[in-house]
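The residues making up each chain are set out below.
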Amino acid sequence: MAKKIEEKYQELSEVQHVLLRPGMWVGSTKEEEKDMFIYNIKTGKMEQQTLNYVPAMLKVVDEIISNSCDEYRRKDNLGLTEIEIDIRKTGKCTIYDNGGIPVVKHKTAGCYVPTFIFGRLRTSSNYDDSEDRIGVGTNGVGSSICNIFSKQFKVTTCDKKNKIAVEWTNNMEKCNEGTPEKSKYHYTKTEFELDFARFNSIGYTKDFINIIHKRCIDAAVANLGLTVRFITDDFTEEWKFKSFDEYLDLYSVDLNLKDKIAFKNDLCEAYIFPDSSIDIGFVNGAECSRGTHIRVLRTAINAAVSDFLVKKDKLKDMSPRSVENKYSVFMNINVSNPAYSSQTKEELTTPIENFSKDENKTFEISDKFLNTITKSEIVNLVRDWYKKKVAAEDEKTLRKLNKEASKGLKRSDKYVPANSKKKAERELWIYEGDSAARGFRAARNPLTQAAYTMRGVPPNCLDMTAVQIMKNDVFNDLVTILGLKFGKEFDIKDLNFGKIVISTDADVDGDKIAALLLLFFRNWPELIKKHIVCRSISPIIIAKKGKERKKYYSIPEFKTDEKKLKSGWMIKYAKGLSGLDAVETKEMMREPIYLYFDYDEKADNMFNRWFGKDSEQRKQLMEI
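Computed from a predicted structure; not experimentally measured.

The rules we used
- Residues numbered from 1 in each chain as written.
- Predicted model: local features only at pLDDT ≥ 70, side-chain atom pairs only at ≥ 80, totals over all residues.
- Heavy atoms only, no water.
- Salt bridge = Lys/Arg side-chain N within 4 Å of Asp/Glu carboxyl O.
- Helix = DSSP H or I, 4+ residues; strand = E, 2+ residues; numbered from the N terminus.
- Buried < 20%, exposed > 50% of the residue type's maximum accessible area, 1.4 Å probe, protein only.
- Lys, Arg positive; Asp, Glu negative; His and termini not counted.
- Contact = heavy atoms within 4.5 Å.
- Pairing = 2+ DSSP bridges.
- Axes fitted to C-alpha atoms, helices over the stretch in contact; angles between N-to-C directions.
- Polar contact = N/O pair within 3.5 Å; in protein donor to acceptor, adjacent residues only side chain to side chain.
- Expected span 1.5 Å × (residues − 1).
- Bend = angle between axes of the 7 residues up to and from the residue.
- pLDDT = per-residue confidence, 0-100.

Help me understand the pattern of salt bridges in this model?
Oppositely charged side chains are able to pair whenever their charged atoms sit close together. The final tally for this structure, using the stated rule, is 29 salt bridges. Notably, a salt bridge pairs lysine 389 with glutamate 393, separated by 3.2 Å at the nearest N-O pair. In this pair, lysine 389 and glutamate 393 are both assigned in helix α11 (residues 377-405), four residues apart and thus about one turn of the helix distant. We classify lysine 389 as partly exposed; its relative accessible area is 22%. Taking the relative accessible area as the measure of exposure, glutamate 393 reaches 37% and is therefore partly exposed. Between glutamate 526 and lysine 530 there is a salt bridge; the shortest N-O distance is 3.4 Å. Through salt bridges with shared partners, one network takes in Glu82, Glu84, Arg229 and Glu238.

Structure representation (C-alpha cells):
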C-alpha cells in the first residue's frame, strides 16, 4: 500500500532530528574498540591500551568539559581558575567551574541566558567570526546536545550578583527555569544523567571513566595554570601544569626525553621525539591529534630529512613518506576560529594560512629548526629503515636470482665439466681467458678436472651487494657451477667441488685477477679457511737441455741458477699460461703446485685496504 504524502514527507523538530539521526550530531552510538592512552595511577605514567567505548557518549560528556575550558580562555571570564569533573558508575556526572554565566534575561529569546545556552540548539557566543576566538566550541550545539541525550539535566550558575538553577527532563522536553536570587559567588555547576539506552549502553564503564580521566589531565596541560580536579568512585586527583614539558614526563616510558627537539612559534609549542610514532595534539585546550596542525609540521620534517638523505647518502628512491613513522609529535596550538572535519572535532581542517587572524602571528617553520632535525637521531632511524628495506628487497631479488641461477649458466660455452659423480674429488679450474685455457682439454684429467673461462677481469666486489654480484655474468656462473647460495647460511656439503683452483698468469695482471677472485670467495669464508680455494702456480721461466727441464716460479729463484745455465741450456720466458706448450701444461695440471691462503682478521683488513675507496692506503701498501 502506497504511503500517504503526509507519511512520506515529514518535518521533525530539532530535538527529534538529533535523537533520530545522532550520527550527524555526535558521532557513532555503537561501541568501538580503539587503542588509546590512559593514565595509570599506580605507575604515574601514560600507557596505551585497547579500550571499548561509545564515541557519541564521549562526545556529549566532553562538550560540557570543553565549555568550562573555553570559559577559562575568555578574557572576560569571572575569574575561572578551576574545573571539577565528578563522574560516578551510578550514571550521575557533575561538572563544576568557578566561572559563571550572566544571570540576565535574553530579550530576544525571552528567557534567562543559562536557559538560552543550555536549552536551545545553535546558541553560542562563538558566532562572530570577525573575532579571534581560541576556544573549542564553534557551532553552539555542545551543551544542548548533552541536554538532549540526558534523562535529567540541571545547570546552576552565579555571576557574583545573581544565582539561578534551570532543570530539564526527558531529553530536554520539559524545562523548569528557576527564579533568580541574590548571590555574591560565581560558579557554574552542570549535573546530568545520560539516557544510556540511546547509546546502546548500560552506564559508564571502567574504560569510559579512564578516558574521561585522561581528558581531565589533557585539559589541564592544554590550559596552563588551570586546576582540574577529577573525582570518581575509587579516587580523587588534581592536576595543574606550569609548562607543557611536565606533561611529556608522563609519556617517558615510550619517549626518550633526552632526545626531544623543541619547536615553538607564535601559535604553538611542540616537541619532536625520535623512534616512537605517536601524535598527541591539543587545539585550543582540547585533544585533537589529527589534522592540518600536525600535518603541516610533519610535511616540513619529512621533506627536510628526505632531501638531506638524497643529497648526503645519495638515496635516490628516498621519499618524504619514508620518514613519516620515525618520530612522534606532541603539540599544543591555538587556532583562531578552528574548523573540524566533523562535530566530534577529532581532525582539524583549518588551512595553515587561517590559523591566526593576527597578521603578526604565523605558523613559521624555521630553517634553524629543520637543520636541527637533520642532525638528530631521526636521520639515523631513517637510514636504518632504508638499509633494512633494501636488504629485504635484495633478499627477495636474490631468491629470484638464485632460482634463475639454478636454471643454467650465462655463458655455458665457457664451462667444461668433469665426469666424476663424487663432489669431493672434482676440481674447478678458473682461467682468465680463452688463450690461457687453450691447452686445458688435452692436459686435464677429464674425470676430476673441470674448467670455467672468464671473460675479462672480474669486478671489485668489496662493496657490492649480493644482488649486484649475482647480476655479474662471471660471478653468477661461478655461483651456479659451484652450487653456492646467497641469503642463507652456507653449508659446505652443498659445494659441487672439493677444490677451486684459480689459474691465472704469474704476472702483475694475473696477481690482480687472482686477488679479485679471492675477494669474491670471501663471501664464503669457509672456502678459504678450509683451503678449498687455492691458486695454481705456473712457471715464469723454463730452462731446457735435452730431456732435462728446470722450472722457476720467480725471478730471484732463476737468478740464483742463472750462471749455471749458460752452457747448452735454452731459456724460455713464459709470458703466461698461453706460453706453455702441451707437455708443460699437462705437467702443471697433473702435478700441480698449489698456493693456499689464510683467512683471518689481518687478511680481512688487507682486503679492505687494497680494494677499499681510500686510495691513500693503497699507495702506502705499494710503497712498502
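The discussion continues.
Got a minute to help me understand the side chain of aspartate 207 in this structure?
Tracing the chain through its elements places aspartate 207 in helix α7 (residues 206-222). Buried charge without a partner: aspartate 207 forms no salt bridge, and the closest opposite charge is lysine 206, 6.8 Å away. Beyond its immediate stretch of four places on either side in the chain, aspartate 207 contacts Thr50, Leu51 and Asn52.

What is the right way to read the sheet that holds strand β22 (residues 427-431) from this model?
Strands in a sheet are paired, the pairing made by backbone hydrogen bonds, and the direction either parallel or antiparallel. Read from one edge of the open sheet, six strands run β21-β23-β22-β24-β25-β29, paired in mixed fashion. Unpaired on one side and paired on the other, β21 (415-416) and β29 (594-596) mark the two borders of the sheet. Alignment of β21 against strand β23 (residues 449-453), held across two bridges, turns out to be antiparallel. By the bridge assignment for β23, tyrosine 415 is matched with tyrosine 452. Packing against the sheet, helix α14 (residues 473-482) makes contact with β21, β22, β23 and β24 (499-503), and its axis sits at approximately 160° to β23. Where helix α18 (residues 582-590) meets the sheet, its contacts fall on β22, β23, β24 and β25 (533-536), and the angle it forms with β22 comes to roughly 135°.

I'm lost on unusual backbone geometry in this one. Help?
Note on backbone geometry: most residues besides glycine have negative phi, and most peptide bonds are trans. Although it is not a glycine, lysine 160 sits at a positive phi angle of roughly 80°. Structurally, the position occupied by lysine 160 is in the loop between β7 (150-159) and β8 (162-169). For lysine 160, a relative accessible area of 45% corresponds to the partly exposed category. A positive phi is found at aspartate 275, a non-glycine position, where the angle reads about 90°. With respect to the helices, strands and loops of the structure, aspartate 275 is situated in the loop between β15 (268-274) and β16 (279-283).

Sorry, what's going on with the side chain of asparagine 40 here?
Position of asparagine 40 relative to the elements: it lies in strand β1 (residues 32-40). Within the local environment of asparagine 40, its side chain forms a polar contact with the side chain of glutamate 47, the two groups lying 3.1 Å apart. Excluding residues that lie within four positions of it along the chain, asparagine 40 makes contacts with Lys45 and Glu47.

Help me understand helix α4 (residues 55-73) in this model?
One turn of an α-helix holds 3.6 residues; hence residues three or four places apart share an orientation. Here α4 is 19 residues long and its end C-alpha atoms lie 26 Å apart, about the 27 Å a rise of 1.5 Å per residue gives. The largest bend along α4 reaches roughly 25° and is located at glutamate 63. Most of α4 is tucked away, with 17 of its 19 residues classed as buried.

Just to check I follow, could you spell out the pairing of strand β26 (residues 541-545) for this structure?
The side chains of a regular strand alternate between both faces of the sheet. Counting buried positions over the five residues of β26 gives four, a clear majority of the element. Here β26 folds back onto strand β27 (residues 548-552) in antiparallel fashion, the turn holding two residues, of which glycine 546 has a positive phi close to 65°. Pairing analysis gives four bridges linking β26 to strand β28 (residues 570-573), with the strands arranged antiparallel. By the bridge assignment, isoleucine 542 is partnered in β28 with lysine 572.

How do you make sense of the confidence of the model for the chain when you look at a structure like this?
Regions with low pLDDT should not have their predicted coordinates read in detail. Per-residue confidence for the chain gives a mean pLDDT of 86; residues scoring 70 or more make up 91%. This model gives residues 124-129 a pLDDT under 50, and the stretch forms 14 contacts once residues within four places in sequence are excluded.

What is the right way to look at the environment of glutamate 557 in this model?
Tracing the chain through its elements places glutamate 557 in helix α17 (residues 555-561). On the accessibility criterion, glutamate 557 (35% relative accessible area) is partly exposed. Each C-alpha atom, one on glutamate 557 and one on isoleucine 541, is 9.7 Å from the other, the two residues being 16 residues apart in sequence. Residues contacting glutamate 557, with those up to four places away along its chain left out, are Lys551 and Tyr552.

Got a minute to help me understand the pairing of strand β9 (residues 174-177) in this structure?
Bridge count between β8 and β9: four bridges; the pairing is antiparallel. Bridge pairing in β9 places valine 166 opposite glutamate 177. Turn length for the β8-β9 hairpin, with the two strands adjacent in sequence and antiparallel, is four residues, and the turn residue asparagine 170 shows positive phi of about 60°.

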